[in-house]
Amino acid sequence: MRNLFSRQSGATGTEARVSGEMEARERLALLDQFEQAALGWFWATDADNHLIYLSSSAASQLGRAQGELLGTSLSAMFLPDSSDEDGLEARPLAFQFSARNSISDMPVRLAVDGGEIWWSISARPQIDGEGNFLGYRGSAKDITAVRQSQRDASRLAQYDSLTGLANRHRMTKRLTATLTAYKSAKRSCALLMLDLDRFKAVNDTLGHPAGDELLKQVAQRLERIVGTRGEIGRLGGDEFQIMLPDIDDRGRLGEIANSVIQMVSQPYSLDGSRAIIGTSVGIAIAPYDGIETDELVSSADLALYAAKGGGRGQYRFFSSELKDGARLRRQIEEDLRDAIQTDQLELHFQPIVRASDHTVTCLEALVRWNHPERGFISPGEFVPVAEETNLINALGEWVMRRACMDAMQWPEPLRVAVNVSAIQFSGTDVPKVVRTALDRSGLDPARLELEITESVFLGDPEGTGRMLKDLKKMGVRLALDDFGTGYSSLGYLSSAPLDKIKIDRSFVNGLTEDENNNAAIITAIVSLAGALKMETVAEGVEALDELATITELGASHVQGYVFSKALDQSGLIERLETGGLKFEPHGPARHRADRRSTYRRVGVIHGDHRYDVVMKNLSKSGAGIEGMLDVPLDTPLVLDLGGGQLVVSRVVRSEGYAQGLEFEQNLISDGADGLCTRHRISPYALASAGMPLAALPPGSYLPAMTPDAPRSKPQFLQVDLSHANKAA
Ligand code: C2E
Ligand code: CA
Ligand code: CA
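No experiment lies behind these values; they were computed from the predicted model shown.

Conventions and cut-offs
- Residues numbered from 1 in each chain as written.
- Chains lettered and ligands numbered in written order.
- Predicted model: local features only at pLDDT ≥ 70, side-chain atom pairs only at ≥ 80, totals over all residues.
- Heavy atoms only, no water.
- Axes fitted to C-alpha atoms, helices over the stretch in contact; angles between N-to-C directions.
- Helix = DSSP H or I, 4+ residues; strand = E, 2+ residues; numbered from the N terminus.
- Contact = heavy atoms within 4.5 Å.
- Nonpolar A, V, L, I, M, F, W, Y, C, P; charged D, E, K, R; others polar.
- Near = heavy atom within 4 Å.
- Polar contact = N/O pair within 3.5 Å; in protein donor to acceptor, adjacent residues only side chain to side chain.
- Areas by Shrake-Rupley, 256 points an atom, 1.4 Å probe, with all protein chains shown as cover.
- Donors = N, O, S within 2.8 Å, 3.2 Å for Na, K, Ca; no water.
- Buried < 20%, exposed > 50% of the residue type's maximum accessible area, 1.4 Å probe, protein only.
- Expected span 1.5 Å × (residues − 1).
- Salt bridge = Lys/Arg side-chain N within 4 Å of Asp/Glu carboxyl O.
- Pairing = 2+ DSSP bridges.
- pLDDT = per-residue confidence, 0-100.
- Phe/Tyr/Trp six-rings, centres within 6.5 Å; stacked < 30°, edge-to-face > 60°.
- Lys NZ or Arg CZ within 6 Å of the ring centre and 35° of its normal.

J.: Could you give an account of the packing of helix H7 (residues 168-185) against helix H11 (residues 293-309), with specific residues and numbers?
T.: At their nearest, the axes of H7 and H11 sit 9 Å apart, and the two run at 115° to each other. In this structure, H7 uses Thr172, Leu175, Thr176 and Leu179 to contact H11, whose residues at the interface are Thr293, Leu296 and Val297. Looking at the contact of H7 with H11 residue by residue, the class counts come to 4 nonpolar, 3 polar and no charged.

J.: Account for the site of ligand 1, naming residues and giving values.
T.: Near ligand 1, the surroundings consist of 19 residues, among which Gln350, Arg368, Arg505, Glu542 and Tyr561 are the closest. Between ligand 1 and Arg368 there is a distance of 2.8 Å, counted from an oxygen atom to a side-chain nitrogen or oxygen. Asp482 is positioned such that a nitrogen or oxygen atom in its side chain is 3.3 Å from an oxygen atom of ligand 1. Notes on ligand 1: free accessible area 790 Å², of which the protein chains cover 82%. With 4 residues, strand S14 (residues 360-371) is the single largest residue contributor to the shell around ligand 1. Among the residues forming the shell around ligand 1, the class breakdown is 7 nonpolar, 5 polar and 7 charged.

J.: Summarise the coordination of the calcium ion (ligand 2); cite the residues concerned and give the values.
T.: The protein atoms donating to the calcium ion (ligand 2) are Glu364 (OE), Asn419 (OD1), Glu451 (OE) and Asp481 (OD), with metal-donor distances spanning 2.1 to 2.3 Å. Donor residues for the calcium ion (ligand 2), ordered by position in the chain, follow E-x54-N-x31-E-x29-D. A separation of 3.8 Å is found between the calcium ion (ligand 2) and the calcium ion (ligand 3), both of which receive a donor from Asp481. Pair noted here: Asn419 is in strand S16 (residues 415-419) and Glu451 is in strand S17 (residues 448-453), with a separation of 32 residues, a long-range link. Overall, the relative accessible area of 29% leaves Asn419 in the partly exposed class.

J.: Just give me the short version of helix H17 (residues 461-474), but keep the residues and values in it.
T.: The terminal C-alpha atoms of H17, which comprises 14 residues, lie 20 Å apart, in line with the 20 Å expected from a rise of 1.5 Å per residue. Buried within H17 are the following residues: Gly463, Thr464, Gly465, Met467, Leu468, Leu471 and Met474. Residues of H17 that are buried sit in contact with helix H15 (422-427), helix H16 (430-441), S17 and strand S18 (477-483). Remark: Gly475 follows H17 within two positions and exhibits a positive phi of approximately 105°.

J.: Explain the coordination of the calcium ion (ligand 3) to me, using residue names and the numbers behind them.
T.: The calcium ion (ligand 3) binds to the protein through Asp481 (OD), Asp482 (OD), Glu539 (OE) and Glu539 (OE); the donor distances cover 2.0 to 2.8 Å. Donor residues binding the calcium ion (ligand 3) come from one chain and are separated in sequence as D-D-x56-E. Owing to a relative accessible area of 9%, Glu539 belongs among the buried residues under this scheme.

J.: Describe in detail the environment of Leu480, supporting the description with residues and values.
T.: Among the structural elements, Leu480 can be located in strand S18. In the structure, Leu480 is positioned 57 residues away from Val537 in sequence and 9.8 Å away in space, judged by C-alpha atoms.

J.: Describe the pattern of salt bridges, naming the residues involved and giving the relevant values.
T.: Applying the stated criterion across every chain, the model contains 29 salt bridges. Among the salt bridges present, the one from Asp195 reaches Lys308, with a minimum N-O distance of 3.4 Å. Placement of the pair is Asp195 in strand S6 (residues 189-197) and Lys308 in helix H11, with a sequence separation of 113 residues. Classification of Asp195 as buried rests on a relative accessible area of 12%. For the salt bridge of Arg435 with Asp439, the shortest nitrogen-to-oxygen distance reads 3.5 Å. With Arg435 and Asp439 both in helix H16 and 4 residues apart, the pair spans about one turn of that helix. By relative accessible area, which is 34% here, Arg435 ends up partly exposed. Since its relative accessible area comes to 52%, Asp439 is described here as exposed. The network of salt bridges with common partners includes Arg415, Glu449, Arg477, Lys500 and Glu535.

J.: Outline unusual backbone geometry, supporting the account with residue identities and numerical values.
T.: Between Ala286 and Pro287 the backbone carries a cis peptide bond, its omega angle lying at 5°. Counting through the fold element by element, Pro287 comes out in the loop between strand S11 (278-286) and H11. One non-glycine residue, Arg198, lies in positive phi territory at about 65°. With respect to the helices and strands, the residue Arg198 is situated in the loop between S6 and helix H8 (199-206).

J.: Outline the sheet that holds S11, listing residues and values.
T.: The strand order S7-S8-S6-S11-S12 describes an open sheet built from 5 strands, whose pairing is mixed. Of all the strands in the sheet, the pair left with one neighbour each is strand S7 (231-236) and strand S12 (315-317). Taking each pair of neighbouring strands and ignoring which way they run, the sheet shows an average axis angle of 20°. Relative to strand S8 (residues 239-245), S7 runs antiparallel, the two sharing 5 bridges. Bridge assignment links Gly236 to a residue of S8, and that residue is Glu239. Its contacts with the sheet place H7 against S6, S7, S8 and S11, and it is angled at close to 135° to S7. Across the sheet, helix H9 (residues 208-226) touches S6, S7 and S8, and the angle it forms with S8 is around 10°.

J.: Account for the confidence of the model for the chain, naming residues and giving values.
T.: Confidence along the chain averages 87 in pLDDT terms, with 91% of residues attaining 70 or more. Residue range residues 1-11 is modelled with pLDDT below 50. Its contacts to residues more than four positions away, or to other chains, number 15 contacts. Within the model, pLDDT remains below 50 along residues 84-90, and this stretch shows 13 contacts once partners closer than five positions in the same chain are excluded.

J.: With reference to specific residues and values, describe the packing of aromatic side chains.
T.: The way to describe two aromatic rings as a pair is by their centre distance and the angle between their planes. Scanning the entire structure with this criterion turns up 9 aromatic pairs. Between Phe97 and Tyr136 the ring centres are 5.9 Å apart and the planes differ by 70°, which places this aromatic pair in the edge-to-face class. Of this pair, Phe97 sits in helix H5 (residues 93-98) while Tyr136 sits in strand S5 (residues 133-142), placing them 39 residues apart in sequence. The residues Phe97 and Tyr136 share a single accessibility class, namely buried. When the centroid spacing of 6.2 Å and the interplanar angle of 50° are considered together, the rings of Tyr611 and Phe716 count as tilted. Placement of the pair is Tyr611 in strand S24 (residues 609-618) and Phe716 in the loop between helix H23 (683-688) and strand S32 (717-718), with a sequence separation of 105 residues. An identical accessibility class is assigned to Tyr611 and Phe716; each is buried. Every member of this aromatic cluster is reached through a ring pair, and the members are Trp43, Phe97, Phe133 and Tyr136. When the ring centre of Tyr268 is taken as origin, the NZ or CZ atom of Arg221, which lies over that ring, is 3.6 Å away. Sitting above the plane of the Tyr561 ring, Lys565 keeps its charged end 4.5 Å from the centroid.

Rendered as structure tokens:
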């Protein structure tokens, strides 16, 4: 064999040669030792990059004899793409070899069966005096163990050690990689942001080990739902994130979010204790709600925030209006503090009527905020803000005191029902607040009813249970509000001392429509309540047919516009003096398919024209619009609801400037009270029509798609109704 490791020696003459040979022998012996100790190996190739030398100890690590390997081509020795899934990648080997580059400390994976072997190799190309490539000479050392521990470390750095889910770092990396790749492939990717409700209460009452166990179980439940459809991460604390590639159908995403909420809200068994938590979910979808990672994440965050604000245990899709919402919320927070002190709040009272004889038995106190600049702000808007900022305790105390005092002026048997937020049960001593209000007003405790929601049982059921028992001992009545919307755990129904169940409005709405099982659900609730000796109140009854059905199904009490809206104290007293305790039902004969009154300016596209119209009402299946004159029946129109939401519709009613539209595909719930389209126009489509690639802006921008297209004459006359509507 050729001596690979002798250097060209400049010495001449016999002496020099002899000492040169000795030196070479010496050096060989040293190298031999070095190789034997497996500190490193040597290798060399010929001009075709076939192996002509490899340390024998290296060969034996591979389970081969030295001679066997000689003649193997270098590229067959190593796996071509020596990178692995963890991203500790190497550069393409074949390229380096064929380019005859110098190689230094390059990690390569050996092409061997069974087990992974990694070497780090260094080599220099050998060139003769005429510039011909003679082959490589190089060294190698085994780095399998080093790589393993490197990989463990990188695993630690990428995964959450508690749950085994991806950590924030990995999620961001994965999301960025996915979004970047999807941008060129024009694919979509949904991001769900989760935050557990009342996790802190579990941690505080059952201890951190129980909290950790809970998080593990949450992770397992999420994995069961998501499976291989996407990737789940725990970002820290009780925040989770789910990435779902290639889904942009908001109908499907709503279903997934619902099953996430349902699964997470089932009770947990933690080392002998039981705990119930809930979760809120915010959803944003690339490219519609964000193109880049930051943008998508912040959209999902805003949606999550809105979901939490809308009462817990909900999901919410991102929409560009939420950005304004965030600003408004800060304003509300600032002003609310003053409002409580400066008497900007009022209580209104809505009758709860006995179903058998339409006699009022109780009035629900509903808080109203008359803001000096904004006018009336709905409690649906400011109560959630108060809950987030602890102002709910001051607000709750104010409402409790006012309600008891006002009730003192009503005829004797009438009770007052006061809403108590679940947050108040973890923040204050509710029995004490109630005691004080009763003492100050002199109200008989039997005339006070507290409306609590299912979420008070989350977190710390024992502490809440104690307070509820104290309240019962005082003689106060308890009602379970919004039943059926929350955490669907019936266990507490039998154990908590409740007097009344309020069946949520969502079951009453649409009760008289064909395709739903609301009637069956109400029947079940009514018989359950009957067995537990509780009253049932059907909330939100608006139409006469709903009242009839609800009465037939056996609800003992009814509340809703069909009898009365909430009245202020003086209005109520006057009504009771003139009309007595009986209420006459009045309202539409029949419930209309979830049709909401709106007053929204939207666009209608017909042919290549866009008309501005006012949308007067909207339901899942249709809308009423005003602003186009004499549109014939069956005309196909596209309704532009803004934010890329186009709804293919058909005119089914037409009278002068008013039309009724029927949608080709039903709208879906946005998680809250609103409706949205399943699909939106893709920013990719807009980009290919010449617009910059960006998340969907609010409002409408359809004409921009075809800026230079020739236009035909508009077929219909547009009527400006802004003045007429203001007067109305
Ligand atoms: P809630 O406890 O479910 O109250 C019933 C809501 O339904 C009230 O809205 C009421 O005006 C409305 N409503 C009653 N009948 C009908 C009907 O026939 N049709 C329709 N569509 N709606 C009807 P409001 O007053 O806007 O209150 C919204 C929510 O704000 C309440 O829901 C309650 O959760 C909360 N809230 C109101 N006052 C207070 C309060 O003093 N303290 C706390 N903690 N929360 C309050
Ligand atoms: Ca209520
Ligand atoms: Ca309610």
